[in-house]
Amino acid sequence: MKILFKNKTKYSKEIYTEYLNFHRKKYNFSYKLYTAFIIFLILLCVTMQIKYHYYTLAIIMCVALTIFFLWQFIHPEYQVAKEYQSDKIANENEFTFIFYKKHFKVVGKKQFSDCKYYELHKVFETNNFFYLYLDKNHALLLKKEGFTVGNPEEFSTFIKKKVLWKYSKFKDKKNVL
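Report follows, based on the coordinates. Note that the structure is predicted; figures quoted are calculated from it, not measured.

Cut-off values and rules
Residues numbered from 1 in each chain as written. Predicted model: local features only at pLDDT ≥ 70, side-chain atom pairs only at ≥ 80, totals over all residues. Heavy atoms only, no water. Pairing = 2+ DSSP bridges. Helix = DSSP H or I, 4+ residues; strand = E, 2+ residues; numbered from the N terminus. Axes fitted to C-alpha atoms, helices over the stretch in contact; angles between N-to-C directions. Phe/Tyr/Trp six-rings, centres within 6.5 Å; stacked < 30°, edge-to-face > 60°. Buried < 20%, exposed > 50% of the residue type's maximum accessible area, 1.4 Å probe, protein only. Lys NZ or Arg CZ within 6 Å of the ring centre and 35° of its normal. Salt bridge = Lys/Arg side-chain N within 4 Å of Asp/Glu carboxyl O. Patch = residues over 30% accessible without salt bridge, like charges linked within 9 Å, V, L, I, M, F, W, Y side chains within 5 Å. Areas by Shrake-Rupley, 256 points an atom, 1.4 Å probe, with all protein chains shown as cover.

1. Focus on the sheet that holds strand S7 (residues 139-143)
Phase 1: Strand order in the open sheet formed by four strands is S7-S6-S5-S9, with mixed pairing between adjacent strands. Looking at which strands have only one partner, the edges of the open sheet turn out to be S7 and strand S9 (167-169). Averaged over all pairs of adjacent strands, the angle between their axes in this sheet comes to 15 degrees, without regard to strand direction.
Phase 2: With five bridges joining them, strand S6 (residues 129-133) and S7 adopt antiparallel strand pairing. When the bridges of S7 are listed, Phe130 appears paired with Leu142.

Here it is, written out as structure tokens:
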């Protein structure tokens, strides 16, 4: 199989922080809107239970509200802290991304993965990176200057064709090279 593109990106705290900033800018509003909506619904249920004197259910729903609140605000921070301490970031592991016509491979120090393009959730291009989202919260980070085969402009055209409606390009005015 012919290698169309090859990218080597070293994951570091700085790169991961840049990804987190992008992710928060992209999804923060919808995340907060969803959280506010669910909290509103639970509070509405609590008030209805109190109105009809079902205090046990009201207490159970208050516990559910507390658990939901903690899950929405503390769990993401825990996940980020855990990721910062992971082997790939703490040891600044380098990953090689090899792109073929129908799939791509991710090769790390201890792992190897094979992925089809249709399995990607979203693809975002910024001034410095390509973020290939595997799901709503996990992405592969490809640094634009890390291409050893091909270049970022050709890769942008290539990946845009492979994922069709899942591709978006963002320009961050303060990080223009």
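Once the structure has been displayed, the description carries forward.
2. Examining the packing of aromatic side chains
The geometry of two aromatic rings is summed up by the distance between their centres and the angle between their planes.
Phase 1: Inspection of the entire model under this criterion finds 26 aromatic pairs.
Phase 2: Judged by centre distance (5.9 Å) and plane angle (40 degrees), the ring pair of Tyr16 and Tyr19 falls under tilted. Residue Tyr16 and its partner Tyr19 are located together in helix H1 (residues 13-51), separated by three residues, close to a single helical turn.
Phase 3: Overall, the relative accessible area of 4% leaves Tyr19 in the buried class.
Phase 4: A network of ring pairs unites the aromatic residues Tyr16, Tyr19, Phe22, Tyr27, Tyr84, Phe124, Phe129, Tyr131, Tyr133 and Phe170 as a single cluster.
Phase 5: The ring of Tyr27 has Lys26 lying over it, and the distance from NZ or CZ to the ring centre is 5.9 Å.

3. As for the pattern of salt bridges
Phase 1: Following the criterion strictly, the structure yields four salt bridges and no others.
Phase 2: The salt bridge partner of Glu83 is Lys88, with a shortest N-O separation of 2.8 Å.
Phase 3: Note that Glu145 is salt-bridged to Lys143, the shortest N-O span being 3.9 Å.
Phase 4: Take Lys143: its relative accessible area is 25%, and that puts it in the partly exposed class.
Phase 5: Taken together, the shared-partner salt bridges connect Glu125, Lys144 and Lys169 into one network.

4. Points about unusual backbone geometry
Leaving glycine aside, a negative phi is the common case for residues, and trans is the common case for peptide bonds.
Phase 1: Of note, the phi angle at His53 is positive, near 60 degrees, even though the residue is not glycine.
Phase 2: Considering the arrangement of structural elements, one finds His53 in the loop between H1 and helix H2 (55-73).
Phase 3: On the basis of relative accessibility, which here comes to 56%, the residue His53 falls in the exposed class.
Phase 4: The backbone phi angle of Leu164 is positive, close to 45 degrees, even though this residue is not glycine.
Phase 5: Following the sequence through the fold, Leu164 ends up in the loop between helix H5 (152-163) and S9.

5. Brief notes about a nonpolar patch on the surface
Phase 1: On the surface, Phe37, Phe40, Leu41, Leu44, Met48, Tyr52, Tyr54, Leu57 and Ile60 cluster together into a nonpolar patch covering about 900 Å² of accessible area.
Phase 2: When contributions to the nonpolar patch are tallied by element, the ones reaching two or more residues are H1 and H2.
Phase 3: Element by element, the count of residues in the nonpolar patch is highest for H1, at five residues.
Phase 4: Take Leu44: its relative accessible area is 40%, and that puts it in the partly exposed class.

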